[in-house]
Amino acid sequence: MLALRELQQQFAIALYDAESTAVQGCIEAGGITAPQRLQIYRNNLRTTLTEALAATYPVVRRLVGDDFFERCAHHYITLEPSRSGNVSDYGARFAGCLQQFPPAQALPYLPDVARLEWARHEAAKHPCAAPFPLARLASIAPEYWGTLHLYLHPSSQLVTSDYPILAIWLANQEAAVNSTVALTPTQEFLLIVRHVDDVQILRLTASEHAFLEQCRIGAPFDAACAAALDQHADLDVTALLSRFIAERIIVDFSPPLEQPA
């Protein structure tokens, strides 16, 4: 007889691997065989996780159709067991799975559409943030601003693509007027952020994206400015910062290591 922890582990393994037999000896007979009982659980698990993926990736599903999406989902479920009791946490690596899934190779934009949908899904989980503390910023001398670390709204997600994925996403909404999208390769920079109860998708310029990406990875303000200016030498960085603060995209900052005297 397996100890409880090992029994639970082997049962979880058996749910994803039909070849696993370690737990079968612990299942009581009664009307149907142990493999048949396990298959009921496998079917329920696969259905639940497929429905969770479909809820998170409705545009991907619409683009490929129900049958194709189910095949993708089952492939993903086999590769990526759920590690959370909350099904809304499931699906973080689905875009990468699509990128490697041979039947999806004919749709090279599909993984990026999935990344956009996951970004929206993640952004929706975050609460609203307090407004930027302008009074606290005003207390710091301008010569120290270069060392500040600016913080994006906690819901913020940055997505880049070589395809017009926002147009694809918009064309596949229920209220879409035009469902035709030219798939001409084009660099696209998107910011996904939650404001109140609405998740917004905003197009960025290359310089705006460079600035926010530096903030996201924890670079100081002067590094964020340099990255933005590398993309657009005439950019008004002060105006850019003011706009991001006004639109609550940047919501906080850390003080400089050396405070003004």
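Refer to the structure presented above.
Each value, and the rule that gives it
- Residues numbered from 1 in each chain as written.
- Predicted model: local features only at pLDDT ≥ 70, side-chain atom pairs only at ≥ 80, totals over all residues.
- Heavy atoms only, no water.
- Helix = DSSP H or I, 4+ residues; strand = E, 2+ residues; numbered from the N terminus.
- Buried < 20%, exposed > 50% of the residue type's maximum accessible area, 1.4 Å probe, protein only.
- Contact = heavy atoms within 4.5 Å.
- Pairing = 2+ DSSP bridges.
- Expected span 1.5 Å × (residues − 1).
- Salt bridge = Lys/Arg side-chain N within 4 Å of Asp/Glu carboxyl O.
- Axes fitted to C-alpha atoms, helices over the stretch in contact; angles between N-to-C directions.
- Parallel < 35°, antiparallel > 145°, perpendicular 65-115°, else oblique.
- Left-handed = near helix turned anticlockwise from the far one by under 90°.

Engineer: Just to check I follow, could you spell out the overall build of the protein for this structure?
Structural biologist: Looking only at helices and strands, one finds eleven helices and five strands in the protein. Expressed as a percentage of its 261 residues, the buried residues of the protein come to 40%. Looking at the protein alone, contacts between residues at least 24 apart form 67% of all its contacts between residues at least 6 apart.

Engineer: Can you help me understand the pairing of strand β3 (residues 188-195) in this one?
Structural biologist: For a regular strand, side-chain orientation follows a simple rule: the groups alternate between the two sheet faces. Of all the eight residues making up β3, eight are buried; the element is thus mostly covered by neighbouring parts of the structure. Relative to strand β4 (residues 198-204), β3 runs antiparallel, the two being bridged by seven bridges. Residue pairing in the sheet places L190 in a bridge with R203 of β4. Hairpin connection of β3 to β4: two residues between the antiparallel strands, including V196 at a positive phi of 55°.

Engineer: Please clarify how helix α6 (residues 110-123) should be interpreted in this entry.
Structural biologist: Helix length check: α6, at 14 residues, gives a terminal C-alpha distance of 20 Å against a target of 20 Å (1.5 Å per residue), a fit within 8%. Counting buried positions over the 14 residues of α6 gives eleven, a clear majority of the element.

Engineer: Quick question: what am I supposed to make of the pattern of salt bridges here?
Structural biologist: Between side chains of opposite charge, a pair can form as their charged atoms come close. By the definition in use, this model includes twelve salt bridges. Between R93 and E80 there is a salt bridge, with the nearest N and O atoms lying 3.5 Å from each other. Taken together, the residues R93 in the loop between α4 (66-79) and α5 (94-100) and E80 in the loop between α4 and α5 connect sequence positions 13 residues apart. Judged by its relative accessible area of 55%, R93 is exposed. The salt bridge partner of K125 is D89, with a shortest N-O separation of 3.2 Å.

Engineer: It is not clear to me how the packing of helix α9 (residues 206-216) against helix α11 (residues 237-246) should be interpreted in this structure. Could you clarify?
Structural biologist: Two packed helices can be described by the angle between their axes and the distance between those axes. At their nearest, the axes of α9 and α11 sit 12 Å apart, and the two run at 70° to each other. Between α9 and α11, the interaxial angle falls into the category roughly perpendicular. Considering only the axes of α9 and α11, their crossing is right-handed. The segment α9 lies against α11, with E208, F211 and L212 engaging V237, L240, L241, R243 and F244.

Engineer: What exactly am I supposed to notice about the environment of G218 here?
Structural biologist: Among the secondary structure elements, G218 is positioned in the loop between α9 and α10 (221-231). A sequence separation of 67 residues divides G218 from Y151, and the C-alpha atoms of the two residues are 8.0 Å apart.

Engineer: I would appreciate a short explanation of α4 in the present structure.
Structural biologist: Structurally, the α-helix is built with 3.6 residues per turn, so residues lying three or four positions apart point the same way. Over its 14 residues, α4 extends 20 Å from the first C-alpha to the last, a length consistent with the 20 Å expected when each residue adds 1.5 Å. For α4, every residue scored as buried is listed here: F68, F69, C72, A73, Y76 and I77.

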